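What the coordinates show
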Amino acid sequence: MFFDTLTHPTLNGKWIDNRDGHTFEDLYRVAKSHNLISCCAVGLPDVGDYDHKDYYEKAASFNNFFYPVAPITKTNIVEIINEIDDIKTIGFDAIKIHQRLLMKNFNHEDLSKIFKKCYEHNMKVFYCTYFHCHTSKIPNQDPFFTLACALKNSPTIKIILLHGGGVELLKYCELARFNENILIDLSLTLMKYDGSSIDKDILFLFNNFDRKITIGSDHPEWDYTSVLTKLRSMLSNISQEKAENITSVNALRFLDLT
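Read on for a plain summary of the structure. These numbers come from a predicted model, not from an experiment. (Residues numbered from 1 in each chain as written. Predicted model: local features only at pLDDT ≥ 70, side-chain atom pairs only at ≥ 80, totals over all residues. Heavy atoms only, no water.)

**Quick word on the pairing of strand E3 (residues 66-71)**
- For E3, the buried fraction is high: 6 of the 6 residues fall into the buried class.
- On E3, burial covers both faces: Phe66, Pro68 and Ala70 on one face and Tyr67, Val69 and Pro71 on the other are all buried.
- Bridge count for strand E2 (residues 36-42) against E3 is 4 bridges, and the pairing is parallel. Each residue of the ladder has a partner; that of Val42, found in E3, is Val69.
- In this structure, E3 lies alongside strand E4 (residues 94-97), joined through 2 bridges in parallel fashion. Paired with Ala70 across the bridge in E4 is Ile95. (Buried < 20%, exposed > 50% of the residue type's maximum accessible area, 1.4 Å probe, protein only. Helix = DSSP H or I, 4+ residues; strand = E, 2+ residues; numbered from the N terminus. Pairing = 2+ DSSP bridges.)

As structure tokens, this is what we get:
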């Protein structure tokens, strides 16, 4: 069984750069055909006609199959704090912070304020850890230590580190190792670095870090046939208990869905 911690259905079926993506109906059909338990439906700012209320209502119409996550769409910290209040009022239990799409690199002070507001509302945070881009947009400060500083100066929120830091996977996992409120998602990283030394790191984590890992597809960037084929291969020599932790148990517990 597989619980997907990162999918991106859109309201109009369009994806980033106006590429074809999947509507909720499309993704539901595909996910059910691959026997998924459920998916986190994660919206993105200015992608696919995104709107907080419409996105939440569409996700809710599928009888709890989708766990909706609202993206922060503002860049000014005062507006973001107000936006989180609105997101909670609509009914969301989680937000997504995607700094590359916002073209805004938050400092640790602003991140701390965002985390504090989410803590007040008992909301989870889905946090993109993939910062690779054109040099003109790369953060001036190390994203890892910016995040660590923000977490250090914030109440203890539940945070899923999407993509697990990419090529810095083990570094981000060491952060999660000592903090019960952090879960590592392997979306993008599982597939993007296929055949590289990252595969060995992932196998190491499957064997030694199974209680801190969850799997996302990053759909529609990768299709389920490819993701599940690789995942089954990598889990073939892992114990059933560890495999279940990685593919569903950790995420369901972390998101309070059990």
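**Regarding the packing of aromatic side chains**
- A full pass over the atoms with the stated rule returns 14 aromatic pairs.
- Between Phe24 and Phe62, the ring centres sit 6.2 Å apart and the planes meet at 25°, which makes this aromatic pair stacked. Taken together, the residues Phe24 in helix H1 (residues 24-33) and Phe62 in the loop between helix H2 (52-60) and E3 connect sequence positions 38 residues apart. By the burial criterion, Phe24 is buried, and Phe62 matches it.
- Measuring from ring centre to ring centre gives 5.0 Å for Tyr50 and Tyr55, while their planes differ by 50°; the resulting arrangement is tilted. Grouping residues by exposure puts Tyr50 and Tyr55 together as buried.
- Among the aromatic residues, those joined into a ring-pair cluster are Phe24, Tyr28, Tyr50, Tyr55, Phe62, Phe65 and Phe66.
- The ring of Phe254 carries the charged tip of Lys158 above its face, separated from the ring centre by 5.4 Å.
- The ring of Phe144 has Lys171 lying over it, and the distance from NZ or CZ to the ring centre is 4.7 Å. (Phe/Tyr/Trp six-rings, centres within 6.5 Å; stacked < 30°, edge-to-face > 60°. Lys NZ or Arg CZ within 6 Å of the ring centre and 35° of its normal.)

**Quick notes on H1**
- Residues of H1 that are buried: Phe24, Leu27 and Ala31. With its buried residues spanning 65° around the axis, H1 presents them on a single face. Structural note: H1 exposes Arg29 and Ser33 on the side pointing more than 90 degrees away from its buried face.
- Those residues of H1 hidden inside the fold are in contact with strand E1 (2-7), E2, H2, E3 and helix H10 (224-234). (Arc of directions from axis to C-beta. Contact = heavy atoms within 4.5 Å.)

**Focus: the nonpolar core**
- One finds Phe115 and Phe206 to be the most contacted residues of the largest nonpolar core, which totals 70 residues.
- Excluding its chain neighbours within four sequence positions, the residues that come into contact with Phe115 are Ile97, Val125, Tyr127, Leu147, Ala150, Leu151, Ser154, Ile157 and Ile159. (Core = buried A, V, L, I, M, F, W, Y, C linked by side-chain atoms within 4.5 Å.)

**Comments concerning the packing of helix H6 (residues 143-152) against helix H7 (residues 169-177)**
- Where H6 contacts H7, the axes come no closer than 11 Å and their chain directions differ by 10°. Comparing the axis directions of H6 and H7 gives the class roughly parallel. Mapping the contact onto sequence places Pro143, Phe144, Phe145, Leu147 and Leu151 in H6 and Lys171, Tyr172 and Leu175 in H7.
- Each residue belonging to the contact of H6 with H7 can be placed in one class, and the counts come to 7 nonpolar, no polar and 1 charged. (Axes fitted to C-alpha atoms, helices over the stretch in contact; angles between N-to-C directions. Parallel < 35°, antiparallel > 145°, perpendicular 65-115°, else oblique. Nonpolar A, V, L, I, M, F, W, Y, C, P; charged D, E, K, R; others polar.)

**A few points about the side chain of Ser217**
- Note that Ser217 resides in the loop between strand E8 (213-214) and H10.
- A relative accessible area of 1% places Ser217 in the buried class.
- At 2.6 Å, the side chain of Ser217 forms a polar contact with the side chain of Asp4.
- Polar side-chain contacts of Ser217 include one of 3.4 Å to the backbone oxygen of Leu6.
- The residues touching Ser217, leaving out its near neighbours within four places in the chain, are Asp4, Leu6, Thr7, Ser187, Trp222, Tyr224 and Val227. (Polar contact = N/O pair within 3.5 Å; in protein donor to acceptor, adjacent residues only side chain to side chain.)

**Some points on helix H11 (residues 240-254)**
- Compared with an ideal rise of 1.5 Å per residue, which puts 15 residues at 21 Å, H11 spans 20 Å between its outermost C-alpha atoms and is within 8% of the ideal.
- Bending of H11 peaks at approximately 55° at the position of Ile246.
- The positive-phi residue at the C-terminal boundary of H11 is Asp256, with phi of around 60°. (Expected span 1.5 Å × (residues − 1). Bend = angle between axes of the 7 residues up to and from the residue.)

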